[in-house]
Amino acid sequence: MSKICATGMNALELGFNDQLTGGFKQKDLNVDPTLPYDDASFDVVTCVVSIDYLIEPIKVLKEACRVLKPGGKIIISQSNRCFPSKAISMWLQMNDRQHLELINGYFQYAGGFEEPRKAFDITATQPDNSYCDPMFIIEAVKA
């Protein structure tokens, strides 16, 4: 990878991330869902446990598609753990399967991504089989 960039709301947190070789942009995508990057400038875009907080996720995914190079991949991580006061209300009424279906629907309406999308359950397992919060990855490739 030639560079790793980030966009997020917390500049202090982003500033401490030493993996961001390409820097960061502080931005609230709920105020303006436009990503501050050039067209076709990334091989991979990630959205880490935050799609449930976006009020215009389809616009954000359209933006992700815009900044991805052809054949580029978007990776969304998602858990059922969230800040209920920040998540969209629909999310709070859904189970894990419904979350995955909703995200797939977001991709469908955003357009520009190949089908099928892939989903993976990456929930950690404990040696004593104790409970772990579920964790999922959803991948899509720019068409």
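All values derive from a computational prediction rather than experimental measurement.

Participant: Describe in detail the packing of aromatic side chains, supporting the description with residues and values.
Facilitator: Here the structure, examined in full by the defined rule, presents 2 aromatic pairs. Seen from their ring centres, tyrosine 37 and phenylalanine 42 are 5.0 Å apart, and the 90 degrees between their planes marks the pair as edge-to-face. You'll find tyrosine 37 and phenylalanine 42 in the same group, each marked buried. Of note, lysine 3 hangs over the ring of phenylalanine 42, and the distance from its end group to the ring centre comes to 5.6 Å.

Participant: Residue-level account of the side chain of aspartate 52, with values.
Facilitator: Tracing the sequence through the fold places aspartate 52 in the loop between β3 (42-48) and α2 (57-67). Here aspartate 52 is buried and forms no salt bridge, its nearest opposite-charge partner lysine 86 lying at an N-O distance of 11 Å. Excluding its chain neighbours within four sequence positions, the residues that come into contact with aspartate 52 are Cys82, Lys86, Ala87, Ile88 and Trp91.

Participant: Report on the confidence of the model for the chain, specifying residues and quantitative values.
Facilitator: Overall, the prediction assigns the chain a mean pLDDT of 93, with 99% of residues at 70 or greater. Mean pLDDT across the secondary structure elements of the chain bottoms out at helix α3 (residues 89-92), with 88, and peaks at α2, with 98.

Participant: Outline the packing of α2 against helix α4 (residues 96-110), supporting the account with residue identities and numerical values.
Facilitator: At a closest axis distance of 9 Å, the pairing of α2 and α4 adopts a crossing angle of 60 degrees. On the basis of the axis angle, α2 is oblique to α4. Note on packing geometry: the crossing formed by α2 with α4 is right-handed. Residues Pro57, Ile58, Leu61 and Lys62 of α2 pack against Tyr106, Phe107, Tyr109 and Ala110 of α4. Counted by class, the contact of α2 with α4 contains 7 nonpolar, no polar and 1 charged residues.

Participant: Give a description of the side chain of glutamate 139 that names residues and reports values.
Facilitator: Residue placement: glutamate 139 occurs in strand β6 (residues 135-141). One polar contact links glutamate 139 to lysine 73, side chain to side chain, over a distance of 3.5 Å. When residues no more than four places from it in sequence are discounted, the contact partners of glutamate 139 are Lys73, Ile74, Ile75, Arg117, Lys118 and Phe120.

What counts as what
- Residues numbered from 1 in each chain as written.
- Predicted model: local features only at pLDDT ≥ 70, side-chain atom pairs only at ≥ 80, totals over all residues.
- Heavy atoms only, no water.
- Phe/Tyr/Trp six-rings, centres within 6.5 Å; stacked < 30°, edge-to-face > 60°.
- Buried < 20%, exposed > 50% of the residue type's maximum accessible area, 1.4 Å probe, protein only.
- Lys NZ or Arg CZ within 6 Å of the ring centre and 35° of its normal.
- Helix = DSSP H or I, 4+ residues; strand = E, 2+ residues; numbered from the N terminus.
- Lys, Arg positive; Asp, Glu negative; His and termini not counted.
- Salt bridge = Lys/Arg side-chain N within 4 Å of Asp/Glu carboxyl O.
- Contact = heavy atoms within 4.5 Å.
- pLDDT = per-residue confidence, 0-100.
- Axes fitted to C-alpha atoms, helices over the stretch in contact; angles between N-to-C directions.
- Parallel < 35°, antiparallel > 145°, perpendicular 65-115°, else oblique.
- Left-handed = near helix turned anticlockwise from the far one by under 90°.
- Nonpolar A, V, L, I, M, F, W, Y, C, P; charged D, E, K, R; others polar.
- Polar contact = N/O pair within 3.5 Å; in protein donor to acceptor, adjacent residues only side chain to side chain.

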